[in-house]
Amino acid sequence: MNKSFVVAAFAALAAFPLVAGSYGLDLVTKIMIYAVLALSLELLVGSTGLVCFGQAAFFGIGAYATVLLMGLDWGDSMLWVLPAAVLMAAVYALAVGALSLRTKGVYFIMVTLAFAQMAYYVVHDTPLGGGTDGIYLYSKPALGSWLDLDKPLVLYLFTWACLLGVYVFLAVLLQSRFGRALAGIRVNEQRMRATGFSTYPYKLAAFTISGAMAGLSGFLFAVKDGFVNPELMSWHLSGAVLIMIILGGLGHLRGALIGAFAFALLQELFKSEAIFGNFAKHWHLGLGLSIIASVAWLPHGLVGIPEKITQRLRGVPRQDQEAHHG
Amino acid sequence: MDLSTFLIQCLNSLQYGLLLFLVASGLTLIFGIMGVINLAHGSFYMIGAYMAFALAPIVSGTFGGGFFSALVVGVVLAVLLGYVLEWAFFSFLYEREHLQQVLMTYGLILVFEECRSLLLGDDVHGVEVPPLLAGTLPLGDTMTYPVYRLFISGVCLLLALAMYWVFTRTRLGMMIRAGSTNREMVQSLGIDIKFLYRVVFAAGVAIAVLAGMVAAPVSSVYPGMGNSVLIICFVVVVIGGIGSIRGALLAALLIGAVDTFGKVLLPQAAGVLVYVLMALILLWKPDGLFKAG
């Protein structure tokens, strides 16, 4: 049932341009970019149990690399700008991971934040990336004449393909021996080591892969907006992505998808002046209350809804539900 | 930098560090003892500052006593707020994963910020220094130092001592320390751990609100002020070692000094210095300077 849900979701996204206007296309492109970022973080938080609070740095590096490299104007941009942007994010993730994986738990959260803040201040306080003003992307990456990311529909479909690629890659990865090892590390790292796994290289590999994917989403974001500024690397974004995947439900790839869409669509809903009129400028209130409600009633995130409903229908007493999950 | 400038910067860094300690101590208590990652802690600081702005005129109008009676009323309100919040939003979260708490407290930040915006608007406000403390002290031949900043440091030091005393010398402190080590054991010894947690949370909220109220005259009052202080306080908590009051004090003074002198000596890199410091300390000591327990 879960697999068919994901297939249906991707099919719906592929068909969406047939019915959508330019606003809808733009919005869903943005959400799909965030979904790639959320998936990259899900690999760390949900699958490996490493709570990274610096994902925005890899995202931002991917975006800045894209804009700066496009400025070089070496022709046939797509072929090398995309891999280079992803590679740069991955290299930074490798360095950050190598150091910060020495720490655990909340200390790990804060060290990843520290490295993200360092990247933030580099673009914020040095002329490298235009400082606080940010820089514009004057020409969009293209490959020949058929893949021109300047066209919204092409960008939409390209983003869709990236999202699908990342999703399938992660689904296959998590089924592999490598993915099983990550799951083992999440559940009990001590025991994994006792069974003879050197856990550090596994965690570092996961961290680097995650950084590369975040770099990919950064590339897409820079191309879509045509503009980068230091806010892309701020901890607010790292926090928002973390909130997305917790909201969706940790430990499931589709949780990251659902979370990214739910978070962004809730924002759009509460920001909508057509529905809330003047109150729309206080959209944080509605978003905050929805988040609190979801914590109170959905301990397993939004992916837990179907299970909750079936249990309610079968009349399973509350106590048993808790025991079942525990 | 001559001697009196150096002295002034020292006093400034002391004052900033002690203020950070005040906010961070509540955070490290709630974190270390209850195991709750409370992102909304910065909001309590923000609420305190806005109380100093909006509540102080009303309170001193009704009761007299100016700023100081406002402080008392603010702390009482904060204790009530903390008590109710713990009951409504946190009491069912202890059994859950940490990240559920993160989500909940993130939601609370949004709600607090918007309530503030609805009630008091989004403008930046200044708060007047209470007339009793408005003077300055001469420092060297030409420099002066505002009395109010010394007052802040004094209040923070007093609270730090009081906290130390409660923790190490009283029965309540003993129960709290025991509760942080083993919740079930304390419960089976007949101590009402739920009540204990509620008290700790209320105290943490009250301290953050007090810090916000005291800081308002020097920092001014603006939207989003809670978030910036929150991140720095997490840095303090983590450098000091989670749950350690002593560590938080040391880390707060360290951060205060690095930040203050960084802004004077290396203004282009001031923002990043704190994070470089944190990364270095955690790579050297992965559990912070003083691990609790």
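Before going into details, it helps to say that this report is about the structure given with it.

### Looking at the overall build of chain B
Scanning chain B from N- to C-terminus turns up 11 helices and 2 strands. Element order for chain B, N to C, with α for helix and β for strand: α-α-α-α-β-β-α-α-α-α-α-α-α. What you see for chain B is a C-alpha radius of gyration of 19 Å, in line with the 19 Å of a compact globule of 293 residues. A principal-axis box enclosing the C-alpha atoms of chain B has dimensions of 65 × 50 × 35 Å. Counting only residues that meet the buried cut, chain B has 47% of its 293 residues in that class.

### Looking at the interface of chain A and chain B
Each partner contributes residues to the interface: chain A has 31 residues there, and chain B has 32 residues. Of all the secondary-structure elements, those providing two or more residues to the side of chain A that touches chain B are α5 (105-125), α9 (235-248) and α12 (283-297) of chain A. Partitioned by chemical class, the residues of the side of chain A that touches chain B number 22 nonpolar, 6 polar and 3 charged.

### Side note on the packing of helix α9 (residues 225-240) of chain B against helix α11 (residues 270-284) of chain B
Residues and elements named next belong to chain B. At their nearest, the axes of α9 and α11 sit 10 Å apart, and the two run at 25° to each other. When the axis of α9 is compared with that of α11, the two are roughly parallel. Every pair of crossing elements has a handedness; the one defined by α9 and α11 is left-handed. Packed against α9, whose contacting residues are Ile232, Val235, Val238 and Ile239, the element α11 presents Val274, Met278, Ile281 and Leu282 at the interface. Its residues placed into classes, the contact of α9 with α11 shows 8 nonpolar, no polar and no charged.

### Remarks on unusual backbone geometry
One non-glycine residue, B:Ser220, lies in the positive phi region at around 65°. With respect to the element layout, B:Ser220 can be found in the loop between α8 (193-219) and α9.

### Here we look at the nonpolar core
Here is a general trend for soluble globular proteins: nonpolar side chains tend to be buried in one another's company. Counting residues in each nonpolar core, the largest one holds 201 residues, and the members touching the most others are A:Ala35, A:Val36 and B:Val236. Take this core: its biggest share by element is 18 residues, from α8(B). Non-local contacts of A:Val36, meaning those with residues more than four positions away in its chain, are made with A:Cys162, A:Leu163, A:Val166, A:Met213, A:Leu216, A:Ser217 and A:Leu220.

### Observations concerning helix α1 (residues 2-19) of chain A
Spanning 18 residues, α1(A) covers 26 Å between terminal C-alpha atoms, matching the ideal 26 Å at 1.5 Å per step. Within α1(A), only 1 of the 18 residues are buried, which leaves the element largely exposed.

### Quick look at the packing of helix α2 (residues 22-48) of chain A against helix α10 (residues 253-271) of chain A
All names here are of chain A. In contact at an axis separation of 8 Å, α2 and α10 are set at 140° when each is read in the N-to-C sense. Regarding the angle of α2 to α10, the classification is oblique. Viewed along their axes, α2 and α10 form a crossing whose handedness is right-handed. Along the contact surface, α2 presents Leu27, Ile31, Tyr34, Ala35, Ala38, Leu39, Glu42 and Gly46, while α10 presents Leu253, Gly255, Ala256, Leu257, Gly259, Ala260, Phe261, Ala264 and Glu268. Across the contact of α2 with α10, the residue classes tally to 12 nonpolar, 3 polar and 2 charged.

### Here's the deal with α2(A)
Residues and elements named next belong to chain A. End to end, α2 covers 38 Å across 27 residues, agreeing with the expected 39 Å (1.5 Å per residue, within 8%). Its axis deflected by about 40° at Glu42, α2 carries its strongest bend there. When you tally the buried positions in α2, you get 20 out of 27 residues, the bulk of the element.

### A short note on the environment of A:Leu289
Residue position: A:Leu289 is located in helix α12. Measuring from C-alpha to C-alpha, the distance between A:Leu289 and A:Lys104 comes to 31 Å, with 185 residues separating the pair along the chain.

### Some remarks on the environment of B:His98
Residue position: B:His98 is located in helix α4 (residues 98-120). Taking the C-alpha atoms as reference, B:His98 lies 7.9 Å from B:Gly35; in sequence the two are 63 residues apart.

Thresholds applied
- Residues numbered from 1 in each chain as written.
- Chains lettered and ligands numbered in written order.
- Predicted model: local features only at pLDDT ≥ 70, side-chain atom pairs only at ≥ 80, totals over all residues.
- Helix = DSSP H or I, 4+ residues; strand = E, 2+ residues; numbered from the N terminus.
- Rg over C-alpha atoms; globule rule 2.2 N^0.38 Å.
- Buried ≥ 20, exposed ≤ 12 C-beta atoms within 10 Å, placed from the backbone.
- Contact = placed C-beta atoms within 7 Å.
- Nonpolar A, V, L, I, M, F, W, Y, C, P; charged D, E, K, R; others polar.
- Axes fitted to C-alpha atoms, helices over the stretch in contact; angles between N-to-C directions.
- Parallel < 35°, antiparallel > 145°, perpendicular 65-115°, else oblique.
- Left-handed = near helix turned anticlockwise from the far one by under 90°.
- Core = buried A, V, L, I, M, F, W, Y, C linked by C-beta atoms within 7 Å.
- Expected span 1.5 Å × (residues − 1).
- Bend = angle between axes of the 7 residues up to and from the residue.

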